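Here is what each chain is made of, one letter per residue.
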Amino acid sequence: MQRQLYTQPINTKSLHIKTFGCQMNVYDSNRMQSILTAKGFRAEPELRNADVILINTCSIRDKSEHKLLSLLGELKGLKEKDPKKVIAVSGCMGQRMGRALLQRVPHLDLVLGPDAIDRVGELLDGVIHGGQRLVEAKFDNEGRSYSQPCNVHRAKPAELLTIVKGCDHFCTYCIVPFVRGREKSRSIEEIVQDVKNFVAQGTTDITFLGQNINTYGKGTGQKLSELIEAANQVKGLERIRYLTSHPRDLGEDLINQFGTIEKLCPQLHLPFQSGSDRILKAMSRLYNQELYLKKIELLRKASPHMAISTDVIVGFPGETDEDFEATLKVLDEVKFSGAFLFKYSPRPGTKAAEFGAEVPENIKDERLARSQKILNHHIEVENKNYLNTVIPVLIESMDKKKQYFSGRNPQNKLVHVMNIGDASIGKIIDVEITDTNVSCLKGFYVGAPKNEINYRRIENHISSSLSPTPN
Ligand code: SAH
Ligand code: SF4
Ligand code: F3S
């Protein structure tokens, strides 16, 4: 009789992860990809062709949630044709809606919240092998620390790393504290180990993530400034960044580091939301315009070439023309290097959703356009100042048509480079800037001949591409 061979069942399922929302979701998606790859799932680039479609979602504005609902609507036919296809929703909307989402969408198989990311493999097993429809949206709310080694394989030249999750601020417009829970930090030791693992895979630029990163270590006795110092010692790491800072919690120790820590990039995202003290109070932001501008002054004193970006909300309930003028004043005075401008969107369960005094949509649109104009003007001027200068750019990727490469300088400006090849990916090279617009800088590597033919070929489609995704 022939001997039977027993092998482990091989997982032949293909997987597509679609990510909405902020960098934290990008990071969570990277982790889920790694966890599921280790279980044998194959990455499928085309969403509709995948056996398992996992959508990592965002709840920050009504529009963010609509994106998921319309995508789920589109997927209904696919599931009817192939009932074995698995459709799963993770992230903030999964957390916010939980079981209600499963009830509302009959072709959905799995809903998991951000704190269940590590269990995505076993949850999918329950769906695929157990034939169940599952919801896992409990918070891990005990204590102030958590451990979650990142284990991301196939690291890129620039990587994201979440170091603190949740938020305790409860700004009156914001859903994040409801969908990400209370603030909890990982240990410096665990984070530095992750950084070393990334560097061993070729990463040289790390961005630490947290919704309110300045209070990293609350309740654990460790501080963000200490983590930055420890990361600065990691051999092979070239650039350190972090986001998002809160104007009240950005202390002098952190501000001063921009002048003293070699690898800390001269770049900071510091949302001000509104220039009006009255609106800032209604938002419960815990600072006023004066304090915000003071922090900007201190930052620029510590590091004169610092690039500062921000977030703004227009049309918060009760925002008058006068309040809005104060926002324009801050935009004009600070001359930000970049900003995400949002129309206020009421979120269920938040305080501001009960305020009334909604600003009409057409006025929100008008305020958005006026803010964008001032913002763009200053960015264009700043970018023009780069003309004919030579700047260090970490090359991260090639465009889809394989015509140019893109990367970032220490100030986080997007730079397109024409005359380099694949070998440049992951390297920091000197680029001479020859052209700029509001969304990027363009130029040539100084160590190779200029390639004018390539340059002209890309001119037509470069300007509209590759601006950062709003979170
Ligand atoms: N933790 C960060 C940002 C979190 S959300 C901070 O405190 O700044 C990212 C941005 O989305 C916010 O800065 C804010 O500008 C915007 N945002 C949050 N809730 C919003 C809402 N209800 N409507 C419109 N924009 C909102
Ligand atoms: Fe939301 Fe940021 Fe405020 Fe936290 S600090 S509630 S994440 S806007
Ligand atoms: Fe959105 Fe959640 Fe990030 S609500 S902005 S994905 S923390």
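Attention in this report is confined to the structure presented alongside it. (Residues numbered from 1 in each chain as written. Chains lettered and ligands numbered in written order. Predicted model: local features only at pLDDT ≥ 70, side-chain atom pairs only at ≥ 80, totals over all residues. Heavy atoms only, no water.)

The subject of this paragraph is the site of ligand 2. Around ligand 2 sit C167, H169, F170, C171, Y173, C174, V176, P177, Q211, H246 and R285, and those are all the residues in its vicinity. When each cavity is represented as a set of grid points, ligand 2 is found to reside in the largest cavity. Residues of the shell around ligand 2, tallied by class, amount to seven nonpolar, three polar and one charged. (Near = heavy atom within 4 Å. 1 Å grid on protein atoms, 1.4 Å probe; cavity = no way out; pocket = protein on both sides within 12 Å on 5 of 7 lines; lining within 4 Å. Sits in = over half its atoms within 2 Å of the grid points. Nonpolar A, V, L, I, M, F, W, Y, C, P; charged D, E, K, R; others polar.)

Attention now goes to the environment of R186. Relative to the assigned elements, R186 resides in the loop between β9 (184-185) and α7 (188-200). The sequence separation of R186 and T162 amounts to 24 residues, and the corresponding C-alpha distance is 8.7 Å. R186 has contacts with Y27, Y146, Q148, P149, C150, L161, T162, I163, I191, D194, Y216 and Q222, leaving out every residue within four places of it along the chain. Within the local environment of R186, its side chain forms a polar contact with the side chain of D194, the two groups lying 2.4 Å apart. (Helix = DSSP H or I, 4+ residues; strand = E, 2+ residues; numbered from the N terminus. Contact = heavy atoms within 4.5 Å. Polar contact = N/O pair within 3.5 Å; in protein donor to acceptor, adjacent residues only side chain to side chain.)

Of all five residues in strand β19 (residues 441-445), four are buried; the element is thus mostly enclosed. Here strand β17 (residues 414-417) runs beside β19; their pairing, made up of three bridges, is parallel. Paired with V417 across the strands is G443, a residue of β19. Judged from the five bridges that link them, strand β18 (residues 428-436) and β19 form a sheet pairing that is antiparallel. (Buried < 20%, exposed > 50% of the residue type's maximum accessible area, 1.4 Å probe, protein only. Pairing = 2+ DSSP bridges.)

With four of five residues buried, strand β7 (residues 158-162) lies mostly within the body of the structure. Summarising the sheet, β7 and strand β10 (residues 205-209) pair through five bridges and their orientation is parallel. What sits directly across from T162, in β10, is L209.

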